[in-house]
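Survey of secondary and tertiary structure
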Amino acid sequence: MSLGDIWAIMRRRWYFMVPLTLLSLLAGGYLYRTIPVSYESQSSVTLLDSTAVADMAPTFGNPISNAGGSLVVTADVLIRTLQSSDSAKELHSRGVTDRYTAGFAPEADSPLLTLSVTGTDRANVLRETATLTKFAAEQLKALQAASKVPAKYSVQATPVVLPQTPVSQSKARYQNIASVLIVGMVSAFLLSILAEGVAVVRRRGRATAGYVPRRHRAHPPERAPRGPLVRSLDATTILTGYLVLAFFVPSNLTLPALGGVGTPANVFALLGLLWYLATWLGGRIRPAEGTRLPRVAMCVLAVAVLLSYLADASRDSSHQEVLGADRGLIGLGVWVALVVLASAGIQERGRLETLMRRLVVLGTVVALIGYYDFFAATNIADSIHIPGLQSSTAGISAMDRGSFTRPRSTTAHPLEFGGMLAILVPFAVHQAFDPVRRHAGAMRRWAPVAIMAGALPLTVSRTSIIGAAIVILVMVPRWKPARRWAAIGIVLGSVAGFKVIIPGLIGTITNLFATFFAGSDSSTQARTVKYGAIVPYLDEHPWFGRGFGTFTPDLYFFTDNQYMLTLAEMGVVGLVALLALFVTGIHTGGAIRRLARDDSDRELGQAFLASALVALVISATFDALSFPMYAGMFFLTLGAGGSYLGFIRREAAAAQAPAATPVPAEAPPAELPQLVESR
């Protein structure tokens, strides 16, 4: 269905589009006039260790130098106390009637707390913030007094940032207005498409009965219209547009009203889902056969997300958590769009292969940007500014490890950069070996493999190396001996080349794993502390979690583990749904390999299996699905695997059909009619 067809449907169903659009505009204007401007004031409080502990080595009387370890747990206890209903009642009696929050400071691994109050009266907000700051110190003293902690071992709460002058917060106001407008216009669009689908079904029924409406009767041929609006769209074209936006617009640049999930790529994916619904309801497209499995897995995930959303609505959650849950629903819609478009929307295998080639090429360009970041010791994404978009995160400077700058290209973090490349490398390897592309030349086929695989060690992270190791262990043993030994030689030669070209890089990476296994790695120890700190949250909501998208670092802390984050946000049900996604990807790759009739398709199945297995393992090393580019590539490859499996199944069924058809016995020749000479 082209854009011209969609525009024609909207014109025919004007009685839906016009009233609902006007109502949404009026509702948005009403909200703009009635919703007051809110103001927010913040203060920061840190916990300092007791004087008795500070007197011991290595702090020697300096309590600030011992701000870590058990104090993080103490800070978490204080935060939970401030968020309790009893504290809310006490603060209300002291005049704190506006909404307040207490949580760890963003990107802080120390007991540094951020307290904030949001309200409509600027002067009152400032007074309430001062009251909250004082109350936090009192609560810490009360907790220790209740436990009969000696005075010399008491932990102190000291303000490091006094209550700041309240600043206006117009983002929430515009978010409400934008949500009303979007809901109204999308509802009008869906009702128009639904009405058009009903009309199409009725016309088909009348045509079956022999009735031909006047507008469908024969007319003199007209010249076919031309232009971009009448050019037919397909799922590959839409997904290509998504890939361009996802790869080349930095992940931290978003639409102001949508927060972290409002990247241009995500918005484009949601519009693509509306296009698919319009095309499907209009009878122009049908889901491809044999591609249901990824969509079933997404339904399981959607159920888990909705249950966690209800769990968040049933508890006394903060305003930030409610917004996080809403953003989680938007993110779920994006993931559903990618899986549906890739698995059900692509109707021709050639178009699917075109999409996968474009995916590898664009991923190669992103990897090349990472090379620039590494050798220039900078980040090119920091210099990209697009009008109308704003950064959803605080400024991220170039990250260093050892003496090397860790590249992130256009992604949000080096871990996302490495993880995304790790799940794309198997497809680059398959395309390099594909006999169909032998005409492209060795350089064109193998350059993406060398560039993307070579960028993985540059991130100086265990995640990238683990991902590369999984790809090698899954794909290489399935190759023939000659290719296998050649690949092992190339890998060993590449390691030696890195030692010569970039001195110290291999040693730094080796030291990362050595300290990890020795238990002396500071990053691993920080994560272990977080695992213990997250247990109380799991005990509160074990089955459905606190709400998908609510366990944000500005309110709590980074988990650095997608499974732990899923347990906190969606509970056991969500963890099962997440594992079902990974198992679906692994099963899809294995099924493609089993049903394939040639070596190229078997290697393609192994590539999908390797990619899904990489996603399964490295999700334990960082909160993977919190990063939009990585999550988008994972769900896109999940849907593409389901689409490939459908093609393989249909081809296998077509190949078996002639063999299964019984050959009829030879019949006696029929008597031919006699020809009579015409006169």
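It should be noted that the structure appears before, not after, this text.
Everything in this summary refers to the structure shown in the same document. (Residues numbered from 1 in each chain as written. Predicted model: local features only at pLDDT ≥ 70, side-chain atom pairs only at ≥ 80, totals over all residues. Heavy atoms only, no water.)

1. As for helix H12 (residues 349-376)
Along its 28 residues, H12 runs 41 Å from first to last C-alpha, staying within 8% of the 40 Å computed at 1.5 Å per residue. Just downstream of H12 lies Ala 377, where phi reads positive at about 55°. (Helix = DSSP H or I, 4+ residues; strand = E, 2+ residues; numbered from the N terminus. Expected span 1.5 Å × (residues − 1).)

2. Structural notes on the packing of helix H13 (residues 414-433) against helix H20 (residues 599-618)
Each pair of packed helices can be summarised by the angle the axes make with each other and by the distance between the axes. Interhelical geometry of H13 versus H20 gives an angle of 170° and a closest axis separation of 9 Å. For the element pair H13 / H20, the angle class is roughly antiparallel. In this structure, H13 contributes Gly 419, Ala 422, Ile 423, Pro 426, Phe 427, His 430 and Phe 433 to the contact, and H20 contributes Ser 600, Glu 603, Leu 604, Ala 607, Phe 608, Ala 610, Ser 611, Val 614, Ala 615 and Ile 618. Residues that form the contact of H13 with H20 fall into these classes: 12 nonpolar, four polar and one charged. (Axes fitted to C-alpha atoms, helices over the stretch in contact; angles between N-to-C directions. Parallel < 35°, antiparallel > 145°, perpendicular 65-115°, else oblique. Contact = heavy atoms within 4.5 Å. Nonpolar A, V, L, I, M, F, W, Y, C, P; charged D, E, K, R; others polar.)

3. Quick look at the pattern of salt bridges
Taken as a whole, this structure holds 13 salt bridges when the rule is applied. A salt bridge links Arg 351 to Asp 234; the shortest N-O distance between them is 2.7 Å. Remark: Asp 234 occurs in the loop between helix H7 (171-208) and helix H8 (235-248) and Arg 351 occurs in helix H12; sequence separation between them is 117 residues. Two residues, Glu 540 and Arg 546, come together in a salt bridge whose shortest N-O distance is 3.0 Å. According to the relative accessible area criterion, Arg 546 is buried, its value standing at 5%. A single salt-bridge network, built from bridges that share partners, covers Arg 80, Asp 312, Arg 315, Glu 321, Glu 540 and Arg 546. (Salt bridge = Lys/Arg side-chain N within 4 Å of Asp/Glu carboxyl O. Buried < 20%, exposed > 50% of the residue type's maximum accessible area, 1.4 Å probe, protein only.)

4. Here we look at the nonpolar core
Ranked by internal contacts, the top residues of the largest apolar core, which has 140 residues, are Phe 247, Leu 301 and Phe 635. When residues no more than four places from it in sequence are discounted, the contact partners of Phe 247 are Leu 359, Leu 362, Gly 363, Val 366, Thr 410, Met 420, Leu 424, Met 629 and Met 633. (Core = buried A, V, L, I, M, F, W, Y, C linked by side-chain atoms within 4.5 Å.)

5. Some remarks on the packing of aromatic side chains
Applying the stated criterion across every chain yields a total of 14 aromatic pairs. With a centroid separation of 6.0 Å and 10° between ring planes, the pair formed by Phe 374 and Phe 404 is classed as stacked. One end of the pair, Phe 374, is in helix H12; the other, Phe 404, is in strand E9 (residues 404-406), and 30 residues separate them in sequence. Phe 404 shares its class with Phe 374; the two are buried. Here the aromatic rings of Phe 622 and Tyr 630 are separated by 5.6 Å at their centres, their planes lie at 70°, and the arrangement is edge-to-face. Tyr 630 matches Phe 622 in its accessibility class, with the two residues each being buried. Within the aromatic cluster, the residues linked to one another by ring pairs are Trp 335, Phe 548, Tyr 563, Phe 582, Phe 634 and Phe 635. Seen from the ring of Phe 433, Arg 483 lies directly overhead, with NZ or CZ sitting 3.7 Å from the centre. For the cation-ring pair, Arg 483 lies above Trp 479, with the distance from its terminal atom to the ring centre recorded as 5.6 Å. (Phe/Tyr/Trp six-rings, centres within 6.5 Å; stacked < 30°, edge-to-face > 60°. Lys NZ or Arg CZ within 6 Å of the ring centre and 35° of its normal.)

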